[in-house]
Amino acid sequence: MKTAILLFLSGNFFLFIAGAFALFSRPRDSFRQRNKNSLWVAGSMLCLGWLVSKEFPLHLFESILGFAFLGISLLLFLWTAWINRRNKLTPIYSTDQPRYLMQSGPYQYIRHPYYSAYLLTFVGGGILSRSPWAYVILLLVLHIYTSAADQEEEKFLNSPLAEAYRSYKKTTGKFFPYL
């Protein structure tokens, strides 16, 4: 079971890293900040993987719940990648002007589905590791993605798409759908 958990968690992380190269454009203006945050997130992934690899008693409910979070994360990431396959988004902390407002697929429900997918993986890994340190890591990446999401939303609110974005914000959650 532990091998399956590590393979699934590693698969999610590998897909996220590969996606960063394949799914996003590379504007020069965001290089330094993007790389700094990428190092923090990659380090967090390694720490979480290490925590999960440590010896811990497996409980059926926690295993199922952790796998469910990892599975939902993977599906959300793939759905978001599919929706964005023709229009590459700019990476975290880019200062470019938004060109369009995506409102289909997962964007019908949440404004930042990639970040949601990443966060769900860290939640699943935290459950599977059964370590309080995993939640410290989760708080770190939550801070990074909240900061990035806020910066992206500011870009929209200071662009010609501002009015459409204000309306869009009223019907969607930042990382999770409104209930």
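This text follows the structure it describes.
Here the structure is a predicted model, which is why all the values come from computation and not from measurement.

*Asks:* Sorry, what's going on with unusual backbone geometry here?
*Replies:* As a rule of thumb, non-glycine residues mostly have phi less than zero, and peptide bonds are mostly trans rather than cis. A positive phi is found at Arg130, a non-glycine position, where the angle reads about 60 degrees. Position of Arg130 relative to the elements: it lies in the loop between α4 (113-129) and α5 (132-157).

*Asks:* Looking at this structure, I do not really get the side chain of Ser73. What am I missing?
*Replies:* Relative to the helices and strands, Ser73 is located in helix α3 (residues 60-83). Polar side-chain contacts of Ser73 include one of 2.5 Å to the backbone oxygen of Ala117. Other than its neighbours up to four places away in sequence, Ser73 contacts Asn12, Phe16, Ala117, Tyr118, Leu120 and Thr121.

*Asks:* It is not clear to me how the nonpolar core should be interpreted in this structure. Could you clarify?
*Replies:* Nonpolar side chains in soluble globular proteins generally cluster together in the buried interior. Counting 40 residues, the largest nonpolar core has Tyr114, Tyr115, Tyr118, Phe122 and Tyr145 as the members making the most contacts within it. When residues in this core are grouped by element, the largest group, 9 residues, is from α5.

*Asks:* Quick question: what am I supposed to make of the packing of α5 against helix α6 (residues 162-171) here?
*Replies:* Two quantities define a packed helix pair, namely the angle between the helix axes and the distance between the axes. The interhelical angle for the contact between α5 and α6, taken along N-to-C directions, is 130 degrees, at an axis separation of 7 Å. Relative to α6, α5 is oriented oblique. Where α5 abuts α6, its residues Glu153, Phe156 and Leu157 lie against Ala162, Tyr165, Arg166 and Lys169. Of the residues belonging to the contact of α5 with α6, the class tally is 4 nonpolar, no polar and 3 charged.

*Asks:* Mind showing me how you'd approach the side chain of His112 here?
*Replies:* Residue position: His112 is located in the loop between α3 and α4. The buried category is assigned to His112, whose relative accessible area is 6%. Discounting chain neighbours no more than four positions away, the residues touching His112 are Ala149, Glu152, Glu153, Tyr165, Lys174 and Phe175.

*Asks:* Mind showing me how you'd approach the packing of α3 against α4 here?
*Replies:* Relative to each other, α3 and α4 sit at 165 degrees, their axes nearing to 8 Å. As judged from the angle between their axes, α3 and α4 are roughly antiparallel. In this structure, the crossing between α3 and α4 has a hand that is left-handed. Of the residues in the contact of α3 with α4, the class split is 16 nonpolar, 8 polar and 1 charged.

*Asks:* What's the story with the packing of aromatic side chains in this structure? I'm lost.
*Replies:* Pairs of aromatic rings are described using the distance from one ring centre to the other and the angle between the two planes. Going through the model one piece at a time under the given rule, you end up with 9 aromatic pairs. Judged by centre distance (6.4 Å) and plane angle (50 degrees), the rings of Tyr115 and Tyr118 are tilted. You can see Tyr115 and its partner Tyr118 sitting in helix α4, 3 residues apart, about one turn around the helix. When sorted by exposure, Tyr115 lands in the same class as Tyr118, which is buried. A connected cluster of aromatic rings, assembled from ring pairs, spans Phe77, Tyr114, Tyr115, Tyr118 and Tyr145. Residue placement shows Arg85 over the ring face of Trp82; its charged tip is 3.8 Å from the ring centre.

*Asks:* How do you make sense of the pattern of salt bridges when you look at a structure like this?
*Replies:* Close approach of charged atoms lets side chains of opposite charge pair. Tallying each qualifying case throughout the model produces 6 salt bridges. With its nearest N and O atoms 2.7 Å apart, the salt bridge here joins Asp96 to Lys155. Of this pair, Asp96 sits in the loop between α3 and α4 while Lys155 sits in helix α5; the two residues are 59 residues apart in sequence, bridging distant segments of the chain. Residues Glu153 and Arg111 are paired through a salt bridge, measuring 2.7 Å at the closest nitrogen-oxygen approach. Here the residue Glu153 occupies a position in helix α5, and Arg111 occupies one in the loop between α3 and α4, the gap between them amounting to 42 residues. Residue Glu153 shares its accessibility class with Arg111, and that shared class is buried. Counted as one network, the salt bridges with shared partners bring together Arg111, Glu153 and Lys169.

Rules used in this analysis
Once a new chain begins, its residue numbering starts again from 1 and follows that chain's sequence as written. Where totals are concerned, whole chains, interfaces and linings use all residues; where local detail is concerned, this predicted model gives features only for residues with pLDDT of at least 70, and gives and counts side-chain atom pairs only at 80 or more. Side-chain measures here rest on the full set of heavy atoms in the structure, leaving out hydrogens and waters. Counting from the N terminus, the helices are the DSSP runs of H or I reaching at least four residues and the strands are the DSSP runs of E reaching at least two. Contacts described as polar in this section are N or O atom pairs within 3.5 Å, which, within protein, must combine one atom able to donate a hydrogen with one able to accept it, while residues neighboring in sequence count only if both atoms come from side chains. Whether two residues are in contact is decided by their heavy atoms, any of which lying within 4.5 Å being enough. The definition of a nonpolar core used throughout is a set of buried Ala, Val, Leu, Ile, Met, Phe, Trp, Tyr and Cys residues joined through side-chain atoms within 4.5 Å. Each residue gets one of three labels from its accessible area relative to the maximum for its type: buried under 20%, exposed over 50%, partly exposed in between, using a 1.4 Å probe on protein chains only. All axes here are fitted lines through C-alpha atoms, helices being fitted over the stretch that makes contact, and every angle between N-to-C directions spans 0 to 180 degrees. Note on terminology: angles under 35 degrees are roughly parallel, angles over 145 are roughly antiparallel, angles of 65 to 115 are roughly perpendicular, and the others are oblique. Just so you know the grouping, Ala, Val, Leu, Ile, Met, Phe, Trp, Tyr, Cys and Pro go in nonpolar, Asp, Glu, Lys and Arg go in charged, and all remaining residues, Gly too, go in polar. In this scheme the crossing of two helices becomes right-handed for a clockwise turn of the near helix relative to the far one and left-handed for an anticlockwise turn of less than a right angle. To pair, rings of Phe, Tyr and Trp, with the six-membered ring standing in for Trp, must have centres within 6.5 Å; the planes then decide the type, stacked if under 30 degrees apart, edge-to-face if over 60, and tilted in the middle. Placement of a positive charge over a ring is assigned whenever Lys NZ or Arg CZ falls within 6 Å of the ring centre and within 35 degrees of the normal to the ring plane. By salt bridge we mean one thing: a side-chain nitrogen of Lys or Arg within 4 Å of a carboxyl oxygen of Asp or Glu.

The quantities given are spatial measurements derived from coordinates; they are silent on function.
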